[in-house]
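# Per-entry structural report
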Amino acid sequence: MTILDGKKVSNDIKEEIAKDVEIMISKGEKVPHLAAILVGTDGASMTYVNAKVKACEKIGFNSTLIDLPEETPEEVLLEKINELNTNEAIDGFIVQLPLPKHIDEQKVLMAVDPDKDVDGFHPTNVGRMALDLPSFLPATPYGILELLERYEVETSGKNVVVMGRSHIVGRPMSILMSQKRKAGDATVTVVHSRTKNLSEITKGADIIVAAIGISEFLTGDMVKDGVVIIDVGITRVPDETKQRGYRLAGDVDFKSVSEKASYITPVPGGVGPMTIAMLLKNTLLARERRN
Ligand code: BQF
C-alpha cells in the first residue's frame, strides 16, 4: 500500500510555481495576484481562505482578502465582484463557498469574469471543460488528476467509480476522467444517494473517488483488493481528546480500506493540500493568459 502524499506533492508544485514567479520577477514582469472574497465568519471557510492567502505569500504571489460581514446583501457582493472583474491589478479571484443562505450562489458565480474565474465554477468554464476546450479546471478535481499523474497511477481503461455528483467535485471529476487526457480515458460510473446496490458497484471499481461528505462511509467490505482510493471528504468530527475539539475525517474508513488498497490518500494531507496548489496554478495561468 502506497500513501498518495498530497502534502508533499502540493509542496513540489508550490516550489515549481515559486520558481516561475522568480523568473517573472527577473524579467520585470508582474507577479500573479489572487483575490478572495469571504462572506461571514464560518470557522472552516476562514481556515480555507487563510490557507489560500498564506500559500500565495509563500510562493511570491500578491494576494488580497476581502472580508465581508455575514449580513452583506447579495447586491453588495455582486458590486464587489464587479470591482474585481474590472480591477486590472487582479489576475484571478474566488468567492469562498459556502455563502450565507440569503445569497444566491448561482447568481454570484455567474457574475465572475470567466477569464478571472480561477475556481473554474462559471458556466462558461464548466462548458469549456466539458468540450475539451482550454478553461480553468476546478481546483479539487485538477488536484486529483495531478496526484494520479505524478504517482503514475494508470487510469486508461480502468473502472472509476465517482461517489457524489456535486458541481465542485463529483460532476467535474466524472467528466475529466472519462476524457482523452492525462489521468483520463477511464470508464466512469457516478454513484449517489439514490444508487441501488452500491457495494456491487464499488466492488467493481479499480479507482474510487469518494466525495459524498459522510465521514468514514466507504468501508473495507465495499472494495476489492488493489483498489486505488481518493478520499475527498473532510468532515469535522467532535473529538474531546483533541485540543481544538474536533478531528478531520474523510469519506473513507482508512483503517479497513487501506488493508485492501494499492494506493490511498490520507485525510488530512491528501486531496486538501492539492486543492490549494491547483488554485495557485490556475492563478499563474490567469496571469500568463492576460499577457
Ligand atoms: C489537508 C472545502 C468543503 C467545502 C468548502 C488542506 C484544505 C483542506 C484540507 C483546504 C475545502 C477543502 C476548501 C487540507 C479548501 C480543501 O491538509 O488535508 C487544505 O483548504 N481546502 C475550500 O476552500 O472550501 C471548501 C471543503
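Residues numbered from 1 in each chain as written. Predicted model: local features only at pLDDT ≥ 70, side-chain atom pairs only at ≥ 80, totals over all residues. Heavy atoms only, no water.

## Some details on the site of the ligand
Keep this limit in mind: Throughout, the term near means that a residue has one or more heavy atoms lying within 4 Å of the molecule or strand in question. Nitrogen and oxygen atoms within 3.5 Å of one another constitute a polar contact, given that in protein one can donate a hydrogen and the other can accept it, and given that sequence-neighbouring residues count only through two side-chain atoms. Put simply, DSSP H or I for four residues or longer makes a helix, DSSP E for two residues or longer makes a strand, and each gets a number counted from the N terminus. Under the grouping applied here, Gly and all other residues not named as nonpolar or charged are polar, the nonpolar ones being Ala, Val, Leu, Ile, Met, Phe, Trp, Tyr, Cys and Pro and the charged ones Asp, Glu, Lys and Arg.
Lining the immediate surroundings of the ligand are Tyr48, Lys52, Gln96, Leu97, Ile234, Pro268, Gly269, Gly272, Pro273 and Ile276. In the environment of the ligand, an oxygen atom lies 2.6 Å from a nitrogen or oxygen atom belonging to the side chain of Lys52. Contacts to the ligand include Gly269, whose backbone N or O atom sits 2.8 Å from an oxygen atom. Where the shell around the ligand is concerned, the elements lending two or more residues are helix 2 (43-59) and helix 10 (271-289). Partitioned by chemical class, the residues of the shell around the ligand number six nonpolar, three polar and one charged.

## What to know about the packing of aromatic side chains
Heads up, the condition is: To pair, rings of Phe, Tyr and Trp, with the six-membered ring standing in for Trp, must have centres within 6.5 Å; the planes then decide the type, stacked if under 30 degrees apart, edge-to-face if over 60, and tilted in the middle. The rule for a charge over a ring is simple: NZ of Lys or CZ of Arg within 6 Å of the ring centre, and within 35 degrees of the ring normal.
Applying the stated rule across the entire model yields zero aromatic pairs. Here the guanidinium or amino end of Arg289 rests over the ring plane of Phe136, the centre of that ring lying 4.8 Å away.

## Quick word on the pattern of salt bridges
Quick reminder of the rule: By definition, a salt bridge exists where a carboxyl oxygen of Asp or Glu is found within 4 Å of a side-chain nitrogen of Lys or Arg. Only protein chains enter the accessibility calculation, which uses a 1.4 Å probe; a residue whose area is less than 20% of its type maximum is buried, one above 50% is exposed, and one in between is partly exposed.
With the rule as written, the count across this model stands at 12 salt bridges. The closest approach of N and O atoms between Asp91 and Arg287, which form a salt bridge, is 2.6 Å. With Asp91 in the loop between helix 3 (74-86) and strand 4 (92-95) and Arg287 in helix 10, the pair connects residues that are 196 residues apart, well separated along the chain. Here Asp91 falls in the buried class, since its relative accessible area comes to 0%. In this structure, the salt-bridge partner of Arg247 is Glu216, at a minimum N-O distance of 3.1 Å. With Arg247 in strand 10 (residues 246-249) and Glu216 in the loop between strand 7 (207-210) and strand 8 (228-231), the pair connects residues that are 31 residues apart, well separated along the chain. Since its relative accessible area comes to 26%, Arg247 is described here as partly exposed. Taken together, the shared-partner salt bridges in this structure form one network comprising Glu88, Asp91, Arg287 and Arg290.

## Concerning helix 6 (residues 139-150)
Basically, it comes down to this: A helix is expected to reach a length of 1.5 Å times the quantity of its residues less one. Residue contacts are defined here by distance: any two heavy atoms, one from each residue, within 4.5 Å place the two residues in contact.
Taking 1.5 Å per residue as the helical rise, helix 6 with its 12 residues ought to reach 16 Å, and the 16 Å between its terminal C-alpha atoms agrees with that figure. Counting buried positions over the 12 residues of helix 6 gives 10, a clear majority of the element. Within the span of helix 6, buried status applies to Ala139, Thr140, Pro141, Tyr142, Gly143, Ile144, Leu145, Glu146, Leu147 and Leu148. Those residues of helix 6 hidden inside the fold are in contact with helix 1 (6-26), helix 7 (170-178), strand 7, strand 8 and helix 10. Phi for Glu152, located one or two positions after helix 6, is positive at around 55°.

## Regarding the sheet that holds strand 3 (residues 62-68)
Short version of the rule: Strand pairing is assigned whenever DSSP identifies at least 2 bridges connecting the two strands. Helix axes are fitted to C-alpha atoms over the stretch in contact, other axes to C-alpha atoms as well, and angles between N-to-C directions run from 0 to 180 degrees.
Strands sit in the order 3-2-4 across an open sheet of three strands; the sheet is parallel. Two strands bound the open sheet, and with one partner strand each, they are strand 3 and strand 4. On average, adjacent strands in this sheet sit at an angle of 15° to one another, irrespective of strand direction. Where strand 2 (residues 33-39) and strand 4 come together, four bridges link them in parallel fashion. Looking across to strand 4, one finds that Ala36 is bridged to Ile94. Set on the sheet, helix 3 makes contact with strand 2, strand 3 and strand 4; between it and strand 2 the angle comes to about 180°.

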